[in-house]
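Listed below are the residues making up each chain.
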Amino acid sequence: MRALDIDYMLGLVPVILGYVPLTIGMALAAMVCALLLACLMAVERVMRVPVLDQFVQLFISFFRGTPLLVQLFLFYYGLPQILPVLSGINGVTAAIIGLTLHFSAYMAESIRAAILGVDRSQWEAAQAVGMTQAQSMRRIILPQAARVAAPTLVNYFIDMIKSTSLAFTLGVTEMMGATQKEAAGSFLYFEAFLVVAVLYWAIVETLSFLQKQLERHLNKAIAR
Amino acid sequence: MISIRGLTKRYGTNTVLDGIDLDIAAGERVAIIGPSGTGKSTLLRCLNYLDRPDSGVIRIGDLTVDATTATSAQILALRRRTAFVFQNYALFANKTARDNITEALITVQRKPRAEAEARADAILGEIGLSDKTASYPAALSGGQQQRIGIGRAMALDAALMLLDEPTSALDPEWVGEVLDLMRRVAERRQTMLIVTHEMQFAREIADRVIFMDGGRIVEQGTPAQIFDAPQDMRTANFLRRVR
């Protein structure tokens, strides 16, 4: 066994760190879009809008039922062949769209379960003071569902950050892509991938810390 | 003036409300008593369509809602003329005491925030909870929560306040303070329809007492008539049991 090239690793850290903003940026953009889409689908699933409900169920079933990598290839390499308007799509955009659709399907189910978990009396109280269904949902039910769904949603965000590494297969030079290039130049694969692994780990640990802060904030309504 | 005609509610083959006819004058305080499972709560819940009646007509002022043709706009209008106090309080768990009161004033009645908050603060003073303005329901006792539940209903200035066994879920130590508050609401001649098991309270505050059994109004009259000289055997038997 040879010794680790520590100097190489330390020199690599700032290089890979330079790609952290792109990784976080893709994950954040996809998270915001996925949350919005997931909320809409979750509310729809609770309200059961005819026709739309079947479509949403099919959507969720497809995006939960197929691998993310397959979905990314389908959008980036496949879809432009059928829809020429998409032929100019760049890897970053394609990755954000793919992550959004994939994770929104999972998140919609979590949010739906959280909505259904809110006590029935909360609906009744909102209706009784004369709120419309939409007002009741937005102002009373969703905020309470958010508290329940938050830990799961943050877990999906963590998963999403790690999944941005798949964008490298679409030719995007993000953390993983940059590491791959560096390693190919130096042939120090173990050192290079160890560095990127530790950096992903550090990002996720930071998020776990923020998750605790968020949960404390959301739980203030039930703290005694 | 509130009028109810032929209000009927069935669950499967079980008729819970069997053609209720009832008029309530503005400012009248009506108490409903009767055995469990006789449709008292269902009557209240049908009056604001938390449970949709199968048939019957409800009139509040110039608003008429017929169960066979009721639109969601009519149901919304009906709810905006009534206020409801729940047995289990049902405060908005994600809102502070004050926001529980301002919520409907702002989102439903479209009052400016400052005005709604001034109203909420005045009500919190009246119900003796000025020091709990920023507290969430989970941090309050049952009695405090129910006082806010009543405060939330007071703030709506509803044509009819519906109170569904407001003290039944309370620990005995909190019943007194909630009854005191309801007494004060009643003294202002707020039109109210209250389902209660507190017979002494009903006798004190009600202009009229209704005895229900089997989904029907069996007997009604002044508290003295019902409590001291019930005409129907079922009323007499019930009162003997609860005393």
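The paragraphs below set out a description of the structure included in this document. (Residues numbered from 1 in each chain as written. Chains lettered and ligands numbered in written order. Predicted model: local features only at pLDDT ≥ 70, side-chain atom pairs only at ≥ 80, totals over all residues. Heavy atoms only, no water.)

Comments concerning the overall build of chain B
Spelled out, the test is: Only DSSP runs of H or I with at least four residues qualify as helices, and only runs of E with at least two residues qualify as strands; both kinds are numbered from the N terminus onward. We take the radius of gyration over the C-alpha atoms and set the globule estimate at 2.2 Å times the residue count to the 0.38 power. For every residue, the accessible area obtained with a 1.4 Å probe (protein chains only) is divided by the maximum for its type, and the residue is called buried under 20%, exposed over 50%, and partly exposed between those limits. By definition, residues are in contact when any of their heavy atoms lie within 4.5 Å. To be clear on the numbers: accessible area is Shrake-Rupley with a 1.4 Å probe, and residue cover counts the displayed protein chains and nothing else. His residues and chain termini do not enter the charge count, which takes Lys and Arg as positive and Asp and Glu as negative. A charged residue contributes its charge at one atom only: NZ of Lys, CZ of Arg, CG of Asp or CD of Glu.
Secondary structure summary: chain B contains nine helices and 10 strands in total. Over its C-alpha trace chain B gives a radius of gyration of 18 Å, about what one expects of a compact globule, namely 18 Å for 243 residues. Seen through its principal axes, chain B has C-alpha atoms that stretch 50 × 45 × 30 Å. Within chain B, the fraction of its 243 residues that count as buried is 57%. Partitioning the contacts of chain B with sequence separation of at least 6, the portion at a separation of at least 24 is 62%. Approximately 9800 Å² of chain B is accessible, and the part contributed by carbon and sulfur atoms is 47%. Put simply, chain B has 31 plus and 30 minus side-chain charges, and the middle of one group is 3 Å from the middle of the other.

Observations concerning a nonpolar patch on the surface
All names here are of chain A. The cut-off we apply is this: Patch membership requires more than 30% relative accessible area and the absence of a salt bridge. Residues of like charge join within 9 Å; the nonpolar side chains Val, Leu, Ile, Met, Phe, Trp and Tyr join within 5 Å. In the sections that follow, a salt bridge refers to a side-chain nitrogen of Lys or Arg positioned within 4 Å of a carboxyl oxygen of Asp or Glu.
A cluster of nonpolar residues, L4, I6, L10, F190, L194, V198 and W201, forms a patch on the protein surface that exposes about 700 Å² of accessible area. Elements represented by at least two residues in the nonpolar patch include exactly α1 (6-17) and α9 (189-218). The exposure class of F190 is exposed, given its relative accessible area of 53%.

Overview of the nonpolar core
Going by this rule: Joining through side-chain atoms within 4.5 Å is the link that ties buried Ala, Val, Leu, Ile, Met, Phe, Trp, Tyr and Cys residues into a set, and such a set is a nonpolar core.
Core analysis: the biggest nonpolar cluster contains 150 residues, and L7, I33 and L193 of chain B have the highest contact counts within it. Aside from chain neighbours lying at most four places away, what touches L193 of chain B is L22, I24, V30, I32, L44, L47, L160, M161, L162 and L163 of chain B.

Thoughts on the packing of aromatic side chains
Here is the rule: Stacked, tilted and edge-to-face pairs are distinguished by plane angle, under 30 degrees for stacked and over 60 for edge-to-face with tilted covering the rest, among Phe, Tyr and Trp rings (Trp via its six-membered ring) whose centres lie within 6.5 Å. Lysine NZ or arginine CZ positioned within 6 Å of the ring centre and within 35 degrees of the ring normal marks a charge as sitting over the ring.
Per the counting criterion, the structure on display carries 10 aromatic pairs over all chains. Taking 4.6 Å as the distance between ring centres and 40° as the angle between the ring planes, the aromatic pair formed by F59 of chain A and F63 of chain A counts as tilted. Here F59 of chain A and its partner F63 of chain A are both found in helix α3 (residues 52-65), four residues apart, which amounts to about one turn of the helix. Note on accessibility: F59 of chain A and F63 of chain A belong to one class, buried. What makes F63 of chain A buried here is its relative accessible area of 7%. An aromatic cluster is built from F59, F62, F63 and F75 of chain A, whose rings are joined through pairwise contacts. The aromatic ring of F92 of chain B is capped on one face by R152 of chain B, whose charged end is 4.7 Å from the ring centroid.

Looking at the packing of helix α7 (residues 133-163) of chain A against α9 of chain A
Two measures define how a pair of helices packs: the angle their axes make with one another and the distance between the axes. Residues and elements named next belong to chain A. The condition that has to hold: Between N-to-C directions, angles span 0 to 180 degrees; the directions come from axes that are lines fitted to C-alpha atoms, helices contributing only their stretch in contact. Our angle categories are set so that under 35 degrees counts as roughly parallel, over 145 as roughly antiparallel, 65 to 115 as roughly perpendicular, and the remainder as oblique. Any residue outside Ala, Val, Leu, Ile, Met, Phe, Trp, Tyr, Cys, Pro, Asp, Glu, Lys and Arg is labelled polar, Gly included; the first ten of those are nonpolar and the last four are charged.
Here α7 crosses α9 at 170°, and the two axes come no closer than 10 Å. One way to sum up the angle between α7 and α9 is to call them roughly antiparallel. Counted together, A146, R147, A150, P151, V154, N155, F157, I158, I161 and K162 of α7 and Y200, I203, V204, L207, S208, Q211, L214, E215 and L218 of α9 form the full contact between these two elements. Of the residues belonging to the contact of α7 with α9, the class tally is 13 nonpolar, three polar and three charged.

With respect to helix α5 (residues 91-117) of chain A
Residue and element names in this part refer to chain A. The test is simple: A helix is expected to reach a length of 1.5 Å times the quantity of its residues less one. At any given residue, the bend is defined as the angle formed between two axes, one fitted to the seven residues that end at that position and one fitted to the seven that begin there. Pairing of N or O atoms within 3.5 Å defines a polar contact, subject to two protein rules: one partner must be a possible hydrogen donor and the other a possible acceptor, and residues neighboring in sequence count only if both atoms are side-chain atoms.
A rise of 1.5 Å per residue sets the reference length of α5, with its 27 residues, at 39 Å; its end C-alpha atoms lie 39 Å apart and thus fit the reference within 8%. Considering bend angle alone, the principal kink of α5 is centred on S104 and spans about 30°. Counted residue by residue, α5 has 19 buried out of 27 residues, so it is predominantly covered. Taking the backbone nitrogen of V92 as reference, a side-chain oxygen 3.1 Å away marks N90 as the first, capping residue of α5.

What to know about the interface of chain B and chain A
Just so we agree on the cut-off: Summed over both partners, the accessible area lost on bringing two parts together, with a 1.4 Å probe, is the buried area.
Taken residue by residue, the interface counts 26 residues in chain B and 22 residues in chain A. Overall, the association of chain B and chain A removes approximately 2100 Å² of surface from exposure, summing both partners, and the carbon and sulfur fraction of that is 56%. Taken together, chain B and chain A are joined by two salt bridges. Residues E124 of chain A and R45 of chain B are paired through a salt bridge, measuring 2.6 Å at the closest nitrogen-oxygen approach. One can count nine residue pairs in polar contact (both at pLDDT 80 or more) joining chain B with chain A.

Some thoughts on the packing of helix α8 (residues 175-186) of chain A against α9 of chain A
Residues and elements named next belong to chain A. As a reminder, the rule being used: Here a crossing is called left-handed whenever its near helix is offset anticlockwise from the far helix by less than a right angle, and right-handed whenever the offset is clockwise.
Running from amino to carboxyl end, α8 crosses α9 at an angle of 160°, the nearest separation of the two axes being 8 Å. The orientation of α8 with respect to α9, classified from their angle, is roughly antiparallel. Between α8 and α9 lies a crossing of right-handed hand. Packed against α8, whose contacting residues are M175, M176, T179, Q180, A183 and A184, the element α9 presents Y189, A192, F193, V196, L199, Y200 and I203 at the interface.

Some points on the pattern of salt bridges
A pair can form between side chains of opposite charge whenever their charged atoms are brought close. For the structure on display, the rule yields 24 salt bridges over all chains. Ionic pairing is found between D18 of chain B and R216 of chain B, a salt bridge with its closest N-O pair at 2.7 Å. Remark: R216 of chain B occurs in strand β10 (residues 216-221) and D18 of chain B occurs in strand β2 (residues 14-24); sequence separation between them is 198 residues. Residue class for D18 of chain B comes out partly exposed when judged on its relative accessible area of 31%. It is possible to trace a salt-bridge network through shared partners that takes in R120 and E124 of chain A together with R45 and D51 of chain B.

Overview of helix α4 (residues 68-82) of chain A
Residue and element names in this part refer to chain A. Between the first and last C-alpha of α4 there are 20 Å, a value that for 15 residues agrees with the 21 Å anticipated at 1.5 Å per step. Remark: the principal bend of α4, roughly 35°, maps to F75. Residues of α4 that are buried include every one of L68, Q71, L72, F75 and P80, and no others. Contacts made by the buried residues of α4 are with α3, α5 and α7.

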